[in-house]
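Residue-level structural notes
Residues per chain, in single letters:
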Amino acid sequence: MDKEAYSNDEGKTGSAFAAAKKEAGKENNNGNNKMLLLKTKSRNISVNKDNIMYVESHRRKKEIHMTDGIIEIYSTMDELNYRLGNGFYQCHRGYIVNMAHVRKYSCDSITISSGELVYMSKEKYNGFKNSYALYLESI
């Protein structure tokens, strides 16, 4: 492939990437950011963020615990944390919780609306406590 053709392809790829990045930004910045598009192994699913109770990490696989079941995807915790946005908190390297589904918490765990326990690292406790207080004030 000659240099001119390569730079032409690179420009197309760059502009396609920029368009996708802009579209992803809209997901987090527009007025209707309640929906989240998840790509599973076999299909794409649009879910309401309000129905997500918590996310649990199992190496590369992430289990999204919903009010009506579990969805498995491949993603990083950082990417999911960013896409979920406000109202969610990463309380442990392996867990992200939806503040709306927190029922009670202690220095080492959080009880979710389903009754399940989610671990909280000691380093994240003060940050969670402050974020949860701000969340409660905002609703």
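Refer to the structure printed above.
Just so it is clear, the structure is predicted and the values come from calculations on it, not from any experiment. All residue numbers here refer to positions counted from 1 along the written sequence of the relevant chain. A pLDDT threshold of at least 70 governs which residues receive local features in this predicted model, and a stricter bar of 80 or more applies before side-chain atom pairs are shown or counted, although totals over entire chains, interfaces and linings include all residues. Excluded from the side-chain calculation are hydrogens and water; included are all heavy atoms of the structure.

Let's shift gears to the pairing of strand S3 (residues 52-58). Only protein chains enter the accessibility calculation, which uses a 1.4 Å probe. A residue is then buried if its area is under 20% of the maximum for its type, exposed if over 50%, and partly exposed in between. Secondary structure elements are defined from DSSP: runs of H or I of at least 4 residues count as helices, runs of E of at least 2 residues count as strands, and each element is numbered from the N terminus. Counting buried residues along S3, 5 of its 7 residues qualify, which places the element largely inside the surrounding structure. Strands pair, by our definition, only if DSSP identifies at least two bridges between them. With 6 bridges joining them, S3 and strand S4 (residues 61-66) adopt antiparallel strand pairing. If you follow His58 over to S4, its bridge partner there is Lys61.

The next thing to look at is the sheet that holds strand S10 (residues 117-119). Taking strand neighbours across the sheet as the criterion, the 3 strands line up as S8-S9-S10 in an open arrangement whose pairing is antiparallel. Only two strands of the sheet have a single neighbouring strand rather than two, namely strand S8 (102-105) and S10. Between one strand axis and the next, the sheet turns by 30° as a mean value, whatever way the strands run. Across 3 bridges, strand S9 (residues 109-112) lies against S10 in antiparallel orientation. Looking at S10, one finds that Thr111 is bridged to Leu117. In this analysis, axes come from line fits to C-alpha atoms, helices being fitted only over the stretch in contact, and the angle between any two N-to-C directions falls in the range 0 to 180 degrees.

We now examine unusual backbone geometry. Positive phi is not limited to glycine here, since Arg59 has a value of about 60°. By secondary structure assignment, the location of Arg59 is in the loop between S3 and S4.

Let us look at the pattern of salt bridges. Here a salt bridge means any side-chain nitrogen of Lys or Arg lying within 4 Å of a carboxyl oxygen belonging to Asp or Glu. Following the criterion strictly, the structure yields 2 salt bridges and no others. Ionic pairing is found between Lys61 and Glu72, a salt bridge with its closest N-O pair at 3.6 Å. Of this pair, Lys61 sits in strand S4 while Glu72 sits in strand S5 (residues 69-74); the two residues are 11 residues apart in sequence, bridging distant segments of the chain. Residue classification places Lys61 among the partly exposed positions, given a relative accessible area of 29%. Classification of Glu72 as partly exposed rests on a relative accessible area of 39%.

What follows deals with helix H2 (residues 77-84). Of the positions making up H2, those classed as buried are Met77, Leu80, Arg83 and Leu84. End-on, the buried residues of H2 take up no more than an arc of 130°, which puts them together on one face. Exposed positions of H2 whose direction lies more than 90 degrees from the buried face are Asp78 and Tyr82. Once H2 finishes, Gly85 follows within two positions and takes phi at roughly 75°, a positive value. Directions are taken from the helix axis to each C-beta atom, and the arc is the one they span.

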